[in-house]
2 protein chains.
Amino acid sequence: MRWSSAFIPTRRDKPAEAETRGHELMLRAGMIKQLSSGIYSYLPPGYRVIRKLEEVVRQEMVRVGAQELFMPAMQPREIWDETGRWDKYGSNMVKFRDRNNRAYGLAPTHEEAVTDIVRALVLSYRQLPLSLFQIQTKFRDEARPRFGVIRAREFSMKDAYSFDIDEQGLDRSFQAMFDAYVRILQRLRLPSIAVEADSGAIGGTGSVEFMIPTGTGEDQIIYCDGCGYAANIEKAVSRYEPYYFDGDMLSTEIVPTPHASTIDEVSAFFDVPAQRFIKTLIYYADNTPIAALIRGDHEVNEVKLANAVGCQELVLADARTIEEITHARVGFAGPVGIDRIPIYCDDAVPLMRNALTGANQDDAHMINVNYGRDFVADQVLDMRRTAAGDHCTRCDGPLRVQRGIEVGHVFKLGTVYSEPMHATFAAEDGSERPFVMGCYGIGISRLVAAVIETSNDENGIIWPLEIAPYLAVIIPTNVDTPQIRDVAEKMYAELCEEGCEVLIDDRAVSAGTKFKDNDLIGIPVTITVGKNYLSSGLVEYRLRTGALAAIPEETAVSRVCDLSEMLRNQSERYI
Amino acid sequence: MRWSSAFIPTRRDKPAEAETRGHELMLRAGMIKQLSSGIYSYLPPGYRVIRKLEEVVRQEMVRVGAQELFMPAMQPREIWDETGRWDKYGSNMVKFRDRNNRAYGLAPTHEEAVTDIVRALVLSYRQLPLSLFQIQTKFRDEARPRFGVIRAREFSMKDAYSFDIDEQGLDRSFQAMFDAYVRILQRLRLPSIAVEADSGAIGGTGSVEFMIPTGTGEDQIIYCDGCGYAANIEKAVSRYEPYYFDGDMLSTEIVPTPHASTIDEVSAFFDVPAQRFIKTLIYYADNTPIAALIRGDHEVNEVKLANAVGCQELVLADARTIEEITHARVGFAGPVGIDRIPIYCDDAVPLMRNALTGANQDDAHMINVNYGRDFVADQVLDMRRTAAGDHCTRCDGPLRVQRGIEVGHVFKLGTVYSEPMHATFAAEDGSERPFVMGCYGIGISRLVAAVIETSNDENGIIWPLEIAPYLAVIIPTNVDTPQIRDVAEKMYAELCEEGCEVLIDDRAVSAGTKFKDNDLIGIPVTITVGKNYLSSGLVEYRLRTGALAAIPEETAVSRVCDLSEMLRNQSERYI
């Protein structure tokens, strides 16, 4: 391709909308353009990368025996009602009515659709195991689209689904997919951590996320250097530092605490540590108010709490609601004498003796509050947010926290879809049994973003060879010098002839501009034909990663051909 | 791939939902499965064909210098309002509100989206010409989804857009795309006719459709053997047989016509030919009633009429509306004395002398009606439906009619998008000028359907080699005979090793079932290892098109390798 006619709209300035380094580089390299919040077009250089990355993923799926299909995005409500997920997805799913007033959704994931296919067309255990996958555009009406294509409302994903006769079969299918994901990430040179994860709206008996550690990701990983435990902070468990305050239960008492409503202020007022307090938070769980109780030095993990409540949305209540429920200004809520709403209580709270809480009166707290005697909860659960410094539940080592980007998520579903959808097969003994399923997602656009986020320098993107938009660029420093131009054109023609993916930067701009643009978009090999060629007959062969050599033009051509050949051999044709 | 583990759910029976032979074969060959009206999943054999066909289209796009990008399906209303197409598309577009109550549509086409990109990133004539294309899922909320994937609500399309500095540039871009389409259809062995077409909701100064003649397509092509004129019936013009009835204008008169309301009945009653009647049809044009007048022996072309009215939907009014407007039962409408609604009149009508019409009274007709004296129309236009036997306006030869499937449509848009969207570039003289655009669509899923519709026999599909799901199948007639099984497995291993796309039918079913299934899905080459091999050492090498030979196994393997190599060479890598 010739730069002069290629649509590669690079830019020098940092776009105002860029939220991370990777987001900035994708915009500046002309890879994407935003159409609406969380909705992007992939411009030619960006889409070349997407297609190559899809091919890497496709090859690894085929290697583990998965077969590619393509399911629709537009799906009737009925199949989602079979599993109850029409309601469960709530406003995260794009929903509409067609011209005949039938309800449809745009699928954020395809468990229902694929199960609908398999229940109709797979009848016998002889047809199992079966793994199906697709690479398809997904829609998710995110509340907070962020970081460019990382949290988008329309995005490309590879989703795979396995169908087995039993749990042992699922274990094998799951492991094969797990291994495929590891290979994909290795081919993309992405360092990753597999972590225990919350299964969220997908459900099932367990799930693992593949996280790419970055400084800026929106996910947080809790991990233990001691034993290797790693989990998404949404799911992570930890042993918290116990705090014993023994002694007899004393009578409750209401104490005026003017000007003290935060834990710090009240802690100072009573001169006791935060561990002695019970914090009472009022939430709206899908529009129903609930109270959440947690020890003063802990924080609520809202994912754990929402899972326990079984709600879609969990948001802190506004001041007016809090005042209506507690009959007091914000800051004085407590579990005793609160208007009857469901109470969820962290499992550290019942162990507390003679605790302090808000009194549900303005400017007052209650002391000597005890679980069981003074209040009870509707549900006691682990709803603590794990934090750096907590102790590992396995080895008691200190836990650390790291930001990251979730790029893949694999689930053991078991029969949570096949049972409600009556998706069964005839087993060897003649009985009808539900398929034992797994599902496996990896974000195509998110992987691209993760690669850029983790692999760049001050000049731009550094691509792994397999997914670079072009393998090499030939730069004649001055297209007006016939000798320079001609040798550049000759090399370009030779490399095209050999089937190499090569650019020639034939623009009438300065050599500096050319170097900047090609480093920005991350072309792995730059071959420069400049003044040096006129004197020595050598071209400059430079790798994006830094290595540099002055070599004869034929050597440069054959080096690129060798690289190209190596990449072709690496990617097997799929049969 | 092994048949025993491949997901190729063939079926023997003709599915009740099949509307055409092609639709039937796609279902029976396990290529597609319906999820909802007009919404299909592509199962593994079907999706292999889709991907290969995409690659053919992609290669021909790249050959003419188009660059691939990928634009979103989910688009904010605002860009559609810039061109007025939010309203123009009406209920054909899927529309919804996101969680923040912003209006979005799912794009049935991408003129607005691509123009939005180009106006932001292409600033100078130096960056032109530019052609961009994508292969992407489109959504169209069809009123009547039909014929399987041919008229679907979610479908795959290649859409391309060209940007030029002037009309001459557009002519060149248009011709290049036209030629690319011809090559695509040739590679798919599809006989096609390029016809003048109605531009519909896309607009612009002219368009050409690529039609595949079939017995069952939903489109009708009018063509002239004499001069080569060809047009979609929606657009076709013809010279109609004039009918002269001279004489003086006589006075109108109302004549009772009991029991005669159809043209035939009234024609018999008055004993005059249908050519003397003016038919008056009452339509709803987007909920506004209008009257359409046409000579008694002609039919209304509703596309021409809708274009003249400028409406989205044109439907015949119900009886009650007709009675309210004409003050008479259905069958007695006429242009004289009708309640004031817009009147559209075919241009044959003003030439009629002393015509007969309904009297807008029950059981009565009016005679001696003359345009100009007794009534006038709001608009006079050609709204006749061209029919077989009409005369060609170019050479006066007889026109013929043929059913077909529209697979591609190319448009000269000019500035109909760039002007309202203020998409301009700096011209060489420094002035700001609107881009001169073209757009070019070809249906991927529709092409697959057209190939099957036109290329099959009683046993199943006959694929052109380039898009067959697999190139060859090896059939051991009996997998329990070690010698047969072993040689089949050996050939399979060799062909896999050589990168050929080959199936081995290792199922424990009868040879007859294997032949039936593989002929049904249309595998081009069948290599059978059967009893004959045991006696003669020869395998049967059969082409799906019929040719048959008994040859040594090594010859069979090398023939398949040669075919595979030929196909690989045919499809150039894109640079």
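Quick caveat, the model's predicted, so the values are computed rather than measured.

I tried to follow the domain arrangement of chain A on my own but got confused; where do I start?
Accessible area lost upon the coming together of the parts serves often as the stated size of an interface. Residue and element names in this part refer to chain A. Partitioning chain A into structural domains gives domain 1 (21-236 + 401-453), domain 2 (253-381) and domain 3 (470-570). For domain 1 and domain 2, the distance between their C-alpha centres works out to 37 Å. In this assembly, four residues from domain 1 lie in contact with five residues from domain 2. For the side of domain 1 that touches domain 2, the residue count by class is no nonpolar, one polar and three charged.

Explain helix α14 (residues 553-570) of chain A to me, please; I cannot follow it from the model alone.
Since the α-helix packs 3.6 residues into each turn, any two residues three or four apart lie on the same face. Residues and elements named next belong to chain A. Look at α14: 26 Å from first C-alpha to last across 18 residues, which is about the 26 Å you get at 1.5 Å a residue. Those residues of α14 lying buried are Glu553, Ala556, Val557, Val560 and Ser564. Seen end-on, α14 carries its buried residues on one side only, within an arc spanning 100 degrees. Away from the buried face of α14 by more than 90 degrees, exposed residues Glu554, Asp562, Met566, Asn569 and Gln570 are located.

What is the right way to look at the nonpolar core in this model?
Side chains of nonpolar character tend, in soluble globular proteins, to be buried together. With 274 residues, the main nonpolar core has Ala472, Ile474 and Val502 of chain A together with Ala472, Ile474 and Val502 of chain B as its most contacted residues. Looking at this core, the element that brings in the most residues is helix α6 (residues 167-187) of chain A, giving eight residues. Apart from residues no more than four positions distant in its own chain, Ala472 of chain A is found in contact with Leu495, Cys500, Val502, Ile523, Pro524, Val525, Ile527 and Val560 of chain A.

In this structure, what is going on with the sheet that holds strand β14 (residues 278-285) of chain B? I would like to understand it.
Paired through backbone hydrogen bonds, the strands of a sheet run either parallel or antiparallel to each other. Residues and elements named next belong to chain B. An order of β16-β14-β15-β17-β20 is seen for the five strands of this open sheet, with the pairing classed as mixed. Only two strands of the sheet have a single partner each, and these edge strands are β16 (314-316) and β20 (379-381). Going across the sheet, the axis of each strand differs from the next one's by a mean of 30 degrees, ignoring polarity. Across three bridges, the pairing between β14 and β16 is antiparallel. Within β16, the residue paired with Tyr283 across the bridge is Leu316. Against the sheet, helix α8 (residues 302-309) engages β14, β15 (288-295), β16, β17 (343-346) and β20, with an angle of about 120 degrees to β16.

Teacher, can you tell me more about the relation of the copies chain B and chain A here?
Applying a rotation about an axis and a shift along it to one chain copy brings it onto the other copy. Least-squares fitting of chain B to chain A yields an RMSD of 0.1 Å, with the transformation described by 0.0 Å of translation along the axis and a rotation of 180 degrees. Taken together, the rotation and translation relating the two chain copies correspond to the operation of a two-fold axis. No C-alpha of chain B approaches the rotation axis more nearly than that of Phe96 of chain B, which lies at 2.7 Å. Most of the interface of chain B is mirrored in chain A, where 98% of its interface residues are also at the interface.

Hey, could you run me through the pairing of strand β17 (residues 343-346) of chain A in this one?
Looking along a regular strand, one sees side chains alternate from face to face of the sheet. All names here are of chain A. In this structure, strand β15 (residues 288-295) lies alongside β17, joined through three bridges in parallel fashion. Along β17, the bridge assignment pairs Ala292 with Tyr344. Of the pairings in the sheet, the one linking β17 to strand β20 (residues 379-381) comprises three bridges and is parallel in character. Bridging from a neighbouring strand, Tyr344 pairs with Gln379 of β20.

Would you take a moment to explain the environment of Glu489 of chain A for this structure?
Residue and element names in this part refer to chain A. By the secondary structure assignment, Glu489 is in helix α11 (residues 482-497). Exposure remark for Glu489: the 17 C-beta atoms within 10 Å place this residue in the partly exposed category. Measuring from C-alpha to C-alpha, the distance between Glu489 and Leu27 comes to 30 Å, with 462 residues separating the pair along the chain.

Rules used in this analysis
- Residues numbered from 1 in each chain as written.
- Chains lettered and ligands numbered in written order.
- Predicted model: local features only at pLDDT ≥ 70, side-chain atom pairs only at ≥ 80, totals over all residues.
- Domains from an automatic or database assignment.
- Contact = placed C-beta atoms within 7 Å.
- Nonpolar A, V, L, I, M, F, W, Y, C, P; charged D, E, K, R; others polar.
- Helix = DSSP H or I, 4+ residues; strand = E, 2+ residues; numbered from the N terminus.
- Expected span 1.5 Å × (residues − 1).
- Buried ≥ 20, exposed ≤ 12 C-beta atoms within 10 Å, placed from the backbone.
- Arc of directions from axis to C-beta.
- Core = buried A, V, L, I, M, F, W, Y, C linked by C-beta atoms within 7 Å.
- Pairing = 2+ DSSP bridges.
- Axes fitted to C-alpha atoms, helices over the stretch in contact; angles between N-to-C directions.
- Least-squares fit on C-alpha atoms with pLDDT ≥ 70 in both.

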